Amino acid sequence: MKGLPIRSSFQKKLMTAFLLVGVLPLLVCVLLILNVFRFSLQSSSEANAESQLETMTAGLGERLAACGQVLEELEDRTSVARALAQGEGRDTRIYNALYNAAAPLLRDADFSLYDGEGRRLYTTGSGEAVESLDPGWGVLFAAREERTVVCRAVSPYEGTGRGGLRLARAIYYRGQVAGYAVARVGEEHLSRLFEGKYSAGSDVLVVDPRWNQVYASPTLQDEGLSSRLRSRLLEGLALAQAGEGYTYHVLEEGESGFLVILRQSQPMADWVLRLFYLAAGVSLLLCILVCLRASVGFSRQLFQPIWSLNNAMAAVEEGELDVRVEVTGADEISQLSGRFNRMTQRLKENLEDSIRQQQELGEAQIRMMQAQLNPHFLYNTLDTLKWLGKINRVPEVATISADLADILRSSISGGEFVALREEVELLERYVEIQSLRFPGKFVYTARIPEELLDARVPKLMLQPLVENAIIHGFEDGSHGHIEVSARRRGEELELTVRDDGCGMSPESMERFLSRRGPQGGRHFGLYNVDAILRLHYGPDRGLRFQAPEGGKGTCIQVCLPLRGGEEEGL
C-alpha cells in the first residue's frame, strides 16, 4: 500500500521514542548512582584517612616532644654532666637521675647517656645493640653543632637491625662537650604508638625529609615501599599508580619534618566497580527488553485502528462509500473513526443527492423537449397563419400567430440565460395571447425598474409562473389581477409573481414543497422552473411561496444572484 512506508517509519519512530524514554533515564540514574556512590566512598575514605593521619602525626609529635623534654632535663643536671666529663660509669646516682627523668616514657623510648667519645655509659633499655656512636657524624654531630635537641632516622649502616629514630642533646661541662643524652624510639615503640590508630587493611610508613624509612607497619617491612615512592617523586609521578589498588595520604610532622604516610586500599576495587557496571548493564538490557515488549504491544494497540482507518480511506478512494470503521472505545482514535463513518455517510448522501439532481435535470430537459416538440415546424406553420390572418383581415389570428412565433423563436435560441428585458418582452407576448383567449379574465401589470432590465435570468422562467396563475388561479371562473415585479436586495435580484385568484390547494402546496413531482399534469411549469433554479443556483434557490396580500391568490418569489452584461452560468 502507498501509506505503508510512512506508517512503518512512524511506528519505528514511536518505538524508538519509547525505548529512549524508558532507557535513557535509567542509564543516567545508574551512572549517577554509581558515581555518587563511588565519590561518597572516596570522600569517606579520604576523610577517614585524614583523621587517622592527624591522630598518628599528633601522637608522633607529642612523643618526640616528650623525649626532647627528657633530654633537656638531663642536659640541665650538673651531676650528669660531671659524671660524663669524668667518664664515670655505673654510678648509681646517674642511673637514678636517668630513670627518674625518663620514668613516664620508659615503655615509649630507650634513653642513654654517651660520653664525649661516643661510648655508651648508661641506658634504660636493652633494645639498643650499638655500644658506641661516632660523634663525628650522624645524630651526635648534629646535636653538637646545633646545640639543641635534634632528631634523625636510625641509619641502616649502624647495624642496629631494625630502624627507628634517635633524638640527641649535647651535654656541656665547663664549656666543653662532656657527653650526649640520646633517646631512641625504635620500631617496636612506634608500633605501640600507632597501634589501633589506623584501620584494618591500611598500612603506615614513616620517612624522614629525605624519604629514608623510619618505620613501616609489619606488612610493609619487606616491600621497600619508601624507595619506590622516592623514585616516583623524583620522576615527577604520582604516588598512587593505576592498577596498583592503593591510595596514599601524606602528612608532615611539623617539628621533626618526618612524614607519616598512610596507605589504604582503594574504597572500591576495580573488580568491584566492574561488577557494578556488569550489574548495571544487565539491568539496562532487561529494561530494554521490557520497554521493547511494552512499546511493541502499545504501538500495535495504537496503530491497529489507524491501519483500519487507513484501509477504509483507501477503499473510499476506490469509490466504496459503504465501508465503515468499527468504533470500539471513546478515545481520540475512536472519535476519529466515528467522524470518518459520518463523513462517508454524508458523502454517500451528497453523491445520491447529486445523482438525483442530475436525474431531475434530465427529466426537466425531457419535459422541456416535449413542450418544444418540433418548434421549427410550429414556427413555420404559425407564420403561415399570420399571413393568412392578414390576407383574410382577421387581426386576432395574426396577432396570436406573431406572438406565438416570437415565443417559439426565443425557446429555440441557443443560450440558457437572457436579459430580464427579453424575458419581460417574451412574457408580454404570452400575456397578449392569453388575453385574446380569455378576454376580460385578468389584468396584467409589470413593475420592473429600468436599471434591472439588463440582469441575466434563466430563459422562460417567468412565463410558466404567469401561466400557472392564469390557468389555475382563475380556473373557478373568477376575474383578477396578475402582477410581475422586480427589485434589488443588496447583491440579489428578487422577482415576484402574484395573483388574487383562488390560490393553490393545501394538498398541491404540500406536494410541491415536498418535491414529489407533479400529479396529473397540474403545476407542471412550477416544478420545471423550481428544478432549473435549484440546479443552476443551489438547493436553497428554488421557488418560494409568500402569504398573498388580502389572503387571496398566490405569491411566488424567486431570489437570484444579481448578474448583468453578457455573463451566463454560475
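So, a few notes on the structure that sits alongside this text.

Conventions and cut-offs
- Residues numbered from 1 in each chain as written.
- Predicted model: local features only at pLDDT ≥ 70, side-chain atom pairs only at ≥ 80, totals over all residues.
- Heavy atoms only, no water.
- Phe/Tyr/Trp six-rings, centres within 6.5 Å; stacked < 30°, edge-to-face > 60°.
- Helix = DSSP H or I, 4+ residues; strand = E, 2+ residues; numbered from the N terminus.
- Buried < 20%, exposed > 50% of the residue type's maximum accessible area, 1.4 Å probe, protein only.
- Lys NZ or Arg CZ within 6 Å of the ring centre and 35° of its normal.
- Salt bridge = Lys/Arg side-chain N within 4 Å of Asp/Glu carboxyl O.
- Patch = residues over 30% accessible without salt bridge, like charges linked within 9 Å, V, L, I, M, F, W, Y side chains within 5 Å.
- Areas by Shrake-Rupley, 256 points an atom, 1.4 Å probe, with all protein chains shown as cover.
- Lys, Arg positive; Asp, Glu negative; His and termini not counted.
- Charge placed at Lys NZ, Arg CZ, Asp CG, Glu CD.
- Arc of directions from axis to C-beta.
- Axes fitted to C-alpha atoms, helices over the stretch in contact; angles between N-to-C directions.
- Parallel < 35°, antiparallel > 145°, perpendicular 65-115°, else oblique.
- Left-handed = near helix turned anticlockwise from the far one by under 90°.
- Contact = heavy atoms within 4.5 Å.
- Nonpolar A, V, L, I, M, F, W, Y, C, P; charged D, E, K, R; others polar.

**What to know about the packing of aromatic side chains**
- Under the counting rule described, the total for this entry stands at 3 aromatic pairs.
- Centroid distance Tyr-95 to Tyr-122: 4.9 Å. Interplanar angle 85 degrees. Geometry classified as edge-to-face. Taken together, the residues Tyr-95 in helix α3 (residues 92–102) and Tyr-122 in strand β2 (residues 120–123) connect sequence positions 27 residues apart.
- By relative accessible area, Tyr-95 is classed as partly exposed at 24%.
- Since its relative accessible area comes to 0%, Tyr-122 is described here as buried.
- Taking the ring centre of Tyr-246 as reference, the NZ or CZ of Arg-263 above it sits at 3.9 Å.

**As for the pattern of salt bridges**
- All told, the structure shown has 18 salt bridges when counted by the stated rule.
- With its nearest N and O atoms 3.2 Å apart, the salt bridge here joins Arg-169 to Glu-72. Taken as a pair, Arg-169 in strand β4 (residues 164–173) and Glu-72 in helix α1 (residues 4–76) lie far apart in primary sequence, 97 residues in all.
- The salt bridge involving Glu-483 is made with Arg-498; its shortest N-O contact spans 3.0 Å.

**Notes on a negative patch on the surface**
- On the surface, Glu-422, Glu-425, Glu-428 and Glu-432 cluster together to form a negatively charged patch.
- Here Glu-425 lies in helix α11 (residues 420–437).

**Things to note about α3**
- When α3 is considered as a whole, its buried residues turn out to be Ile-94, Ala-97, Leu-98, Ala-101 and Ala-102. The buried residues of α3 occupy an angular sector of 115 degrees when the element is viewed end-on, so they sit on one face. In α3, the exposed residues that point more than 90 degrees away from the buried face are Thr-92, Arg-93 and Asn-100.

**Section: the packing of α11 against helix α12 (residues 462–473)**
- Their axes nearest at 9 Å, the elements α11 and α12 cross at an angle of 30 degrees. By the criterion of interaxial angle, the relationship of α11 to α12 is roughly parallel. Seen from above, α11 lies across α12 with right-handed handedness. Contact residues: α11 offers Leu-420, Glu-423, Leu-427, Tyr-430, Val-431 and Gln-434, while α12 offers Leu-462, Gln-463, Val-466, Glu-467 and Ile-470.
- Residue composition of the contact of α11 with α12, by class: 7 nonpolar, 2 polar and 2 charged.

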